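# Architecture at a glance
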Amino acid sequence: MAVLRWGAAVVASMAAFFAVAVPWAVLAGGGDDPWDVIGPVAGVVAAGVLAALGWWASQAGSSGGGAPARTVRQSARAEGSVKQTAGNHGTGGRAGRRPVRENIRQKARGGGDVDQVAGDRS
């Protein structure tokens, strides 16, 4: 899907260049001097279109598709030691697949040791 989006972004950028350059060149009445202005201006327009559509193309698969974000919230209070662990423990079931997006927040208060671990530990 991302390849198709990037292809569309490049084609649209080229189309934007010609959409600006060709009518301007026809209306300018010929000669080499107008291209000293037309080329850079059309290039800037094409670069802007590529930047905007490039951002769109880079978003392919990051929202809506794939596995939803796994949310983990932990909070603990203790006078002794506190140990919190969250995230992926290296399970082999997802080998070769896109990693699960995780949203992990941990909060601990303790009178002794505090040990917090979060994220992928495979």
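Keep in mind that what you see is a predicted model, and the values were worked out from it rather than measured.

## Things to note about the overall build of the protein chain
Of regular secondary structure, the protein chain possesses 2 helices and 4 strands. Reading the protein chain from its N end, one meets helices and strands in the order α-α-β-β-β-β. When burial is assessed residue by residue, the protein chain has 14% of its 122 residues classed as buried. Excluding contacts between residues fewer than 6 apart, the proportion of contacts in the protein chain whose partners are at least 24 apart in sequence is 69%. In the structure as shown, the protein chain presents an accessible area of about 8,400 Å², 59% of it carried by carbon and sulfur atoms.

## Side note on helix α1 (residues 2–28)
Here α1 spans 39 Å end to end across 27 residues, near enough to the 39 Å set by a 1.5 Å rise per residue. Just downstream of α1 lies Gly29, where phi reads positive at about 85 degrees.

## Considering the side chain of Ser13
The topology assignment puts Ser13 in helix α1. Contact partners of Ser13, with chain neighbours within four places excluded, come to Ala46, Ala47, Val49 and Leu50.

## Some remarks on the environment of Arg109
Mapping Arg109 onto the fold places it in strand β3 (residues 102–110). Relative accessible area serves as the criterion here: at 46%, Arg109 is assigned to the partly exposed category. Distance from Arg109 to Ser81, taken between C-alpha atoms, is 9.0 Å for residues 28 residues apart in sequence. Residues in contact with Arg109, not counting those within four places in the same chain, are Ala76, Arg77, Ala78 and Val82.

## Some remarks on the packing of aromatic side chains
Scanning the model with the defined rule gives 1 aromatic pair in all. On the basis of an interplanar angle of 90 degrees and a centroid distance of 5.3 Å, the ring pair of Phe17 and Phe18 is categorised as edge-to-face.

## A closer look at the confidence of the model for the protein chain
For the protein chain, the average pLDDT comes to 76, and 64% of its residues sit at 70 or higher. Across the protein chain, element-level confidence peaks in α1 with a mean pLDDT of 91 and bottoms out in strand β4 (residues 114–117) with 68.

## What to know about a nonpolar patch on the surface
Together, Trp6, Val10, Met14, Phe18, Val22, Val26 and Leu50 make up a nonpolar patch on the protein surface, roughly 660 Å² of accessible area in all. Per element, the largest residue contribution to the nonpolar patch is 6 residues, and it comes from α1. In this structure, Val22 sits in helix α1.

## Topic: the side chain of Arg5
Relative to the assigned elements, Arg5 resides in helix α1. In this structure the side chain of Arg5 is engaged in a polar contact, spanning 3.0 Å, whose partner is the backbone oxygen of Trp56. When residues no more than four places from it in sequence are discounted, the contact partners of Arg5 are Trp56, Ala57, Gln59 and Ala60.

Procedures and definitions
- Residues numbered from 1 in each chain as written.
- Predicted model: local features only at pLDDT ≥ 70, side-chain atom pairs only at ≥ 80, totals over all residues.
- Heavy atoms only, no water.
- Helix = DSSP H or I, 4+ residues; strand = E, 2+ residues; numbered from the N terminus.
- Buried < 20%, exposed > 50% of the residue type's maximum accessible area, 1.4 Å probe, protein only.
- Contact = heavy atoms within 4.5 Å.
- Areas by Shrake-Rupley, 256 points an atom, 1.4 Å probe, with all protein chains shown as cover.
- Expected span 1.5 Å × (residues − 1).
- Phe/Tyr/Trp six-rings, centres within 6.5 Å; stacked < 30°, edge-to-face > 60°.
- pLDDT = per-residue confidence, 0-100.
- Patch = residues over 30% accessible without salt bridge, like charges linked within 9 Å, V, L, I, M, F, W, Y side chains within 5 Å.
- Salt bridge = Lys/Arg side-chain N within 4 Å of Asp/Glu carboxyl O.
- Polar contact = N/O pair within 3.5 Å; in protein donor to acceptor, adjacent residues only side chain to side chain.

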